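Summary of the model geometry
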Amino acid sequence: MSIIVNQVFKRFGNFQALDNINLTIPEGKLVALLGPSGSGKSTLLRAIAGLETPDVGSIIINGQDTTHLDVRKRNIGFVFQHYALFKHLTVRENIAFGLEIRKHKAQGIKSRVEELLELIQLKGLGDRYPGQLSGGQRQRVALARALAVQPQVLLLDEPFGALDAKVRKELRGWLRRLHEEVHITSVFVTHDQEEAMEVSDQIVVMNGGKIEQIGTPAEIYDHPATPFVMSFIGEVNILPGHSGLINSGHENNTGSLFIRPHDLEITAEKDDSSSWAVVKRIIHLGWEIQVELGLPDNMTVLAYLSREEFSKLKLQPEQTVYIKPRKATLSSDFGTNGKAPQYDYSI
């Protein structure tokens with residue numbers, strides 16, 4: 001079921017939580033609302049759910065204006081960060097709860113619960129209580145309970161925020177596979193860029209109650225529309241545009257210069273387009289090497305190297321090297337045709 005958010009505003013006292021939000025979520029897509037704390041992403045999710053009412057604007061789900069429709073009549077599944085399971089009920093009873101409230105037939109409830117237990121890979125654990133499960137298992141039960149009533153839309157508010165990094169990683173992959181199976185229109189809130197990039201079909205980047213950019217993970221990362229998106233999605237070095245790291249042939253060098261760490265080339269020898277730097281710190285991250293480099297005027301940048309590149313360079317702390325960007329973006333270029341161009345320095 002598609003979701004259309006049309007010119008929505010929401011204010012809490014003097015705080016503008018949502019500022020003219022326009023968004024269309026196509027049927028069957030898994031969309032991430034991504035942004036820092038206070039960006040408006042959770043308020044937007046709650047407005048879609050009916051837990052908040054917009055001051056202005058409308059929310060249309062499956063062609064129906066639901067702006068002022070009671071939350072209980074929206075047929076929406078909602079998954080919270082802290083599970084919200086009933087501790088005194090078994091896994092089966094938790095999943096069946098919504099169906100029983102809607103007075104479904106007992107045989108139908110039993111069949112649906114067993115189907116969902118298999119879907120969330122907890123078959124055989126139906127008689128356990130939430131306290132006997134791991135955090136990841138409890139969150140899967142919460143998802144099954146939300147799916148039990150076959151909602152039009154599934155909404156997830158920081159669903160993995162209370163879990164440790166390893167479990168979060170596992171559940172991200174599981175949620176993506178689950179979505180491929182049930183193919184329900186889903187919207188989830190996160191402040192974790194990696195989570196949004198890995199799981200979603202589309203990302204809505206929010207900041208200050210407004211939408212900064214909408215696009216696929218690749219579009220958001222490779223073609224950021226604003227300086228905020230460039231700095232928020234993935235690691236980036238931000239330097240003065242006149243720092244000397246940009247080719248002097250580009251006259252438009254005002255503002256800031258944005259360079260991804262993996263787009264910063266390190267060499268042992270100087271050429272006409274490189275600048276000197278000093279190796280300050282080397283961090284081994286297993287599959288890649290992170291190098292912290294000191295520049296003139298006490299500036300610092302990060303570069304990412306593959307293990308092969310690092311082995312060839314044989315870098316040591318306090319070693320003088322030469323650097324140049326393979327790609328870079330100037331802040332003055334943002335807004336050109338809606339996307340920032342990237343100067344390509346590759347040979």
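Relevant structure appears above.
What counts, and at which threshold
- Residues numbered from 1 in each chain as written.
- Predicted model: local features only at pLDDT ≥ 70, side-chain atom pairs only at ≥ 80, totals over all residues.
- Heavy atoms only, no water.
- Helix = DSSP H or I, 4+ residues; strand = E, 2+ residues; numbered from the N terminus.
- Buried < 20%, exposed > 50% of the residue type's maximum accessible area, 1.4 Å probe, protein only.
- Lys, Arg positive; Asp, Glu negative; His and termini not counted.
- Salt bridge = Lys/Arg side-chain N within 4 Å of Asp/Glu carboxyl O.
- Polar contact = N/O pair within 3.5 Å; in protein donor to acceptor, adjacent residues only side chain to side chain.
- Contact = heavy atoms within 4.5 Å.
- Pairing = 2+ DSSP bridges.
- Axes fitted to C-alpha atoms, helices over the stretch in contact; angles between N-to-C directions.

A few points about the side chain of Glu158
As for its position among the elements, Glu158 is in the loop between strand 7 (153-157) and helix 5 (165-182). Summary of buried charges: Glu158 has no salt-bridge partner, and the nearest side chain of opposite charge, Lys41, is 4.7 Å away. Within the local environment of Glu158, its side chain forms a polar contact with the side chain of His191, the two groups lying 3.0 Å apart. Leaving out residues up to four positions away in the same chain, Glu158 has contacts with Lys41, Gln81, Val189, Thr190 and His191.

Structural notes on the sheet that holds strand 10 (residues 210-215)
The mixed open sheet is built from 6 strands, whose spatial order is 6-7-8-3-9-10. In this open sheet, the two edge strands, each paired with only one partner strand, are strand 6 (76-79) and strand 10. Taking the axes of each pair of neighbouring strands and ignoring which way they run, one obtains an average angle of 15° across the sheet. Pairing geometry for strand 3 (residues 30-34) and strand 8 (residues 185-190), over 5 bridges, is parallel. Considered in strand 8, the bridge of Val31 is made with Val187.

Notes on the side chain of Ser274
Relative to the elements of secondary structure, Ser274 occurs in the loop between strand 13 (264-267) and strand 14 (275-284). Using a relative accessible area of 7% as the deciding quantity, one classes Ser274 as buried. Within the structure, Ser274 has its side chain in polar contact with the backbone nitrogen of Asp271 (distance 3.0 Å). The residues touching Ser274, leaving out its near neighbours within four places in the chain, are Tyr322, Ile323 and Lys324.

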